[in-house]
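# Structural overview
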Amino acid sequence: MCIRDRYNAYHRVYPSGGHTVDLPPRQLHAGAALAQLEADGFLGDATRVLRAMETFGARYPMFAIGPVKGLIVDDVVRRKRPTSVLEVGSFLGYSAVRIGSQLPKGAAMVCVEASDEFAATARRIVAHAGLGSVVDFVVGRAEDVDLRGLAGRFRGGAADLVFLDHCKECYAPDLRRLEGAGLVAKGTVVVADNVVYPGAPGYLDAVAAPDYATVLRDAPYESKGWETKWKEVPDAMSVSTRLR
């Protein structure tokens, strides 16, 4: 079954996939996660910060790729060894800490986060993990920020690795914006979360051949809760390499 067919088959079974829903207020309490981390300590210890965030997320569901999908991202980082990383959608900074802690000396990561509150919290969590000099944050949506200016912060203009984990309907148009700004170029690896559930309309077509080589890395959706009817739901991350 091709990648597009897998997406379509899923949405025949789960027709509500991809719809925007209201979130429980507890998922938006960014300050609570930060307060817990600062109370626990772990200053400068990225690994323990990640474990603490996972523990918090198990009690108070939040947007984070979590430890299972985190291993997929770890594998991509090990293979690519990027020196320039762009993340779109940071929430509280879990993936920024996870990726930033593995980057080689001299590497840079820039995170684009639409929410002022989440970006401020993520920036403090990243600093708490000892990565404040590696990871930077830009507040705004990809369609609004100066993407060409961001490209100027990376040697050669393009990012070695791009991670998408924001508005799912925005993946495809934002990828085109990143391509247009030169942030995605030949050799760039683009990782996108939740391409099966809740799904990212049009995105898998955007990273199809001949422009990209794409594989799906299967992993369950990172949370079991009200939106999944408390069941484990199949999902995947796409890993796409720009070919030309």
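Note that the structure is predicted; figures quoted are calculated from it, not measured.

### Quick notes on the overall build of the protein
Across its full length, the protein holds 10 helices and seven strands. The long-range fraction of contacts in the protein, counting pairs at least 24 apart against all pairs at least 6 apart in sequence, stands at 77%.

### Let's talk about the nonpolar core
Judged by nonpolar contacts, the single largest core of 41 residues is most densely connected at Val97, Ile99, Met109, Ile125, Val135 and Val191. Element by element, the count of residues in this core is highest for helix H3 (residues 46-59), at six residues. If near-sequence neighbours (up to four positions away) are discounted, Val97 is found in contact with Ala46, Leu50, Ile125, Val126, Ala129 and Leu131. The next biggest cluster of nonpolar side chains, apart from the first, holds 32 residues, and it includes Ala151, Tyr171, Leu175 and Val195.

### A look at the side chain of Asp193
Topologically, Asp193 is positioned in the loop between strand E5 (189-192) and helix H9 (195-199). Here Asp193 is in contact with Ile65, Lys69, Phe163, Leu164, Asp165, Lys168, Tyr171, Glu222, Asp235, Ala236 and Met237, once residues within four sequence places are set aside.

### Examining the environment of Val184
Mapping Val184 onto the fold places it in the loop between helix H8 (171-180) and E5. Separated by 22 residues in the primary sequence, Val184 and Val162 place their C-alpha atoms 7.8 Å from one another. Sequence-distant contacts of Val184, defined by excluding residues within four places in its chain, comprise Val162, Leu175, Leu178, Glu179, Val190, Tyr212 and Arg242.

### Details of the pattern of salt bridges
The tally for this structure, following the rule as stated, stands at 17 salt bridges. Linking Glu222 and Lys69 is a salt bridge whose minimum nitrogen-to-oxygen distance equals 2.5 Å. A residue pair is termed long-range when its members are at least 10 positions apart, and Glu222 in the loop between strand E6 (212-220) and strand E7 (234-242) and Lys69 in helix H4 (residues 66-80) qualify at 153 residues. Using a relative accessible area of 29% as the deciding quantity, one classes Glu222 as partly exposed. We classify Lys69 as buried; its relative accessible area is 1%. Within the structure, one salt-bridge network assembled from shared partners comprises Arg51, Glu54, Asp74 and Arg98.

### Some points on unusual backbone geometry
In this chain, Tyr197 is followed by Pro198 through a cis amide linkage whose omega measures 0°. Along the chain, Ala209 connects to Pro210 via a cis peptide bond; the corresponding omega equals 10°. Mapped onto the elements of the fold, Pro210 is located in the loop between helix H10 (203-206) and E6. Positioned with a positive phi, Phe91 is a non-glycine residue whose angle comes to about 50°. Residue placement: Phe91 occurs in the loop between strand E1 (84-88) and helix H5 (94-100). Backbone geometry at Asn194 places phi at a positive 60°, although glycine is not the residue there. Among the secondary structure elements, Asn194 is positioned in the loop between E5 and H9. A relative accessible area of 3% means that Asn194 is categorised as buried.

### A closer look at H3
Between the first and last C-alpha of H3 there are 20 Å, a value that for 14 residues agrees with the 20 Å anticipated at 1.5 Å per step. Of the residues that open H3, the one with a side-chain oxygen 3.3 Å from the backbone nitrogen of Thr47 is Asp45.

### Here we look at the sheet that holds strand E2 (residues 108-113)
The strand order across the open sheet formed by seven strands is E3-E2-E1-E4-E5-E7-E6, and the pairing between neighbours is mixed. Every interior strand has two partners, whereas the edge strands, strand E3 (135-139) and E6, have only one. Neighbour to neighbour, the strand axes of the sheet diverge by 15° on average, direction disregarded. In terms of strand pairing, E1 meets strand E4 (residues 161-164) through four bridges, oriented parallel. Note that in E4 the partner of Glu87 across the bridge is Phe163. Here H4 sits on the sheet in contact with E4, E5, E6 and E7, set at roughly 150° to E6. Strands in contact with H8 are E1, E4, E5, E6 and E7; relative to E4, the strand with the most contacts, it is inclined by about 155°.

Scoring rules and cut-offs
- Residues numbered from 1 in each chain as written.
- Predicted model: local features only at pLDDT ≥ 70, side-chain atom pairs only at ≥ 80, totals over all residues.
- Heavy atoms only, no water.
- Helix = DSSP H or I, 4+ residues; strand = E, 2+ residues; numbered from the N terminus.
- Contact = heavy atoms within 4.5 Å.
- Core = buried A, V, L, I, M, F, W, Y, C linked by side-chain atoms within 4.5 Å.
- Buried < 20%, exposed > 50% of the residue type's maximum accessible area, 1.4 Å probe, protein only.
- Salt bridge = Lys/Arg side-chain N within 4 Å of Asp/Glu carboxyl O.
- Expected span 1.5 Å × (residues − 1).
- Polar contact = N/O pair within 3.5 Å; in protein donor to acceptor, adjacent residues only side chain to side chain.
- Pairing = 2+ DSSP bridges.
- Axes fitted to C-alpha atoms, helices over the stretch in contact; angles between N-to-C directions.

As far as function goes, none of this settles anything; it's purely spatial.
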